[in-house]
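# Residue-level structural notes
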Amino acid sequence: MAKYPKIPGATVRRLSNYLKCLEDLETKNEKVASSALLATICNVNAAQVRKDFAYFGEFGIRGMGYNIKELEYHIKEILGVNREWRIAVIGIGNMGSALLVYKDFLKQNYRIVAAFDIDPVKVIGQISEKMGKPVEILPMERLKEVIETRDVEIGIITAPPQEAQKVADLLVGANIKGILNFSPAPVRAMDPVKVRNVFFTSALDNLVYYLTN
């Protein structure tokens, strides 16, 4: 989809934000959005909006703006969220159980199809009670088998930091495509597996920096 071989990470992050803004506009029955309107809603400037889209082609009509539905379609295609992605959560502690219980916050194209824990018997009752229905929590011994049979592509690690790399290695061994790590400890994996380490405290540090400066 990209016209250029390397797209800045900040542009990719903004595309996700643009998509959310467009979806919000569509719920208000808006049909067309200018770069200035998107810039205002998404808290960037109009030149940045046009530059971000230019990495991927020509969208919209000069002087008229962007057709919201068409632009949504293109951004979903660019981001790869125009289809379902099947996810497994590994480590059903506080963070893992929150993902299961409140998974409706995920976009429709992200579907949690498996959950694993080192001691499923210990957590399954608590999670089932929170969700008001029986829940399947699987033992780690079945991780490779289930990931393959359920076509899981993304593994979300919410295990304790001392176990995070071990879990990542198991996911790699199960031929996972991508890992999103919420553990406080960073994990690594060899290509072609893609890894994103997400640290809450780093995001907080970044915010505090701007508050201080």
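Each remark here, short or long, concerns the structure printed above.
The shown structure was predicted, so the numbers you read here are calculated from the model rather than taken from an experiment.

### Points about the environment of Leu 170
One can find Leu 170 in helix H8 (residues 161-173). Along the primary structure Leu 170 and Met 140 are separated by 30 residues, whereas in three dimensions their C-alpha atoms are 9.1 Å apart.

### Looking at the pairing of strand S7 (residues 178-181)
In terms of strand pairing, strand S6 (residues 154-157) meets S7 through four bridges, oriented parallel. In the sheet register, Gly 155 faces S7, and the bridge partner there is Ile 179. The parallel pair S6 and S7 is bridged by H8, and the resulting crossover is right-handed. Strand direction decides the pairing type here: S7 and strand S8 (residues 194-197), joined by four bridges, are parallel.

### Describing a nonpolar patch on the surface
A cluster of nonpolar side chains, Phe 200, Leu 204, Leu 207, Val 208 and Leu 211, forms an exposed patch at the surface whose accessible area comes to about 530 Å². Its place among the elements puts Leu 207 in helix H9 (residues 200-212). Judged by relative accessible area, Leu 207 falls into the partly exposed class, the value being 46%.

### Brief notes about the packing of aromatic side chains
All told, the structure shown has four aromatic pairs when counted by the stated rule. Geometrically, the ring pair formed by Phe 53 and Phe 59 is edge-to-face, given 6.2 Å between the ring centres and 90° between the ring planes. Here Phe 59 falls in the buried class, since its relative accessible area comes to 16%. When the centroid spacing of 5.1 Å and the interplanar angle of 80° are considered together, the rings of Tyr 209 and Tyr 210 count as edge-to-face. For Tyr 209, a relative accessible area of 48% corresponds to the partly exposed category. Cation over ring: Arg 83 sits above Trp 85, and NZ or CZ is 3.6 Å from the ring centre.

What counts as what
- Residues numbered from 1 in each chain as written.
- Predicted model: local features only at pLDDT ≥ 70, side-chain atom pairs only at ≥ 80, totals over all residues.
- Heavy atoms only, no water.
- Helix = DSSP H or I, 4+ residues; strand = E, 2+ residues; numbered from the N terminus.
- Pairing = 2+ DSSP bridges.
- Right-handed = clockwise from strand over helix to strand, strands pointing away.
- Patch = residues over 30% accessible without salt bridge, like charges linked within 9 Å, V, L, I, M, F, W, Y side chains within 5 Å.
- Areas by Shrake-Rupley, 256 points an atom, 1.4 Å probe, with all protein chains shown as cover.
- Salt bridge = Lys/Arg side-chain N within 4 Å of Asp/Glu carboxyl O.
- Buried < 20%, exposed > 50% of the residue type's maximum accessible area, 1.4 Å probe, protein only.
- Phe/Tyr/Trp six-rings, centres within 6.5 Å; stacked < 30°, edge-to-face > 60°.
- Lys NZ or Arg CZ within 6 Å of the ring centre and 35° of its normal.

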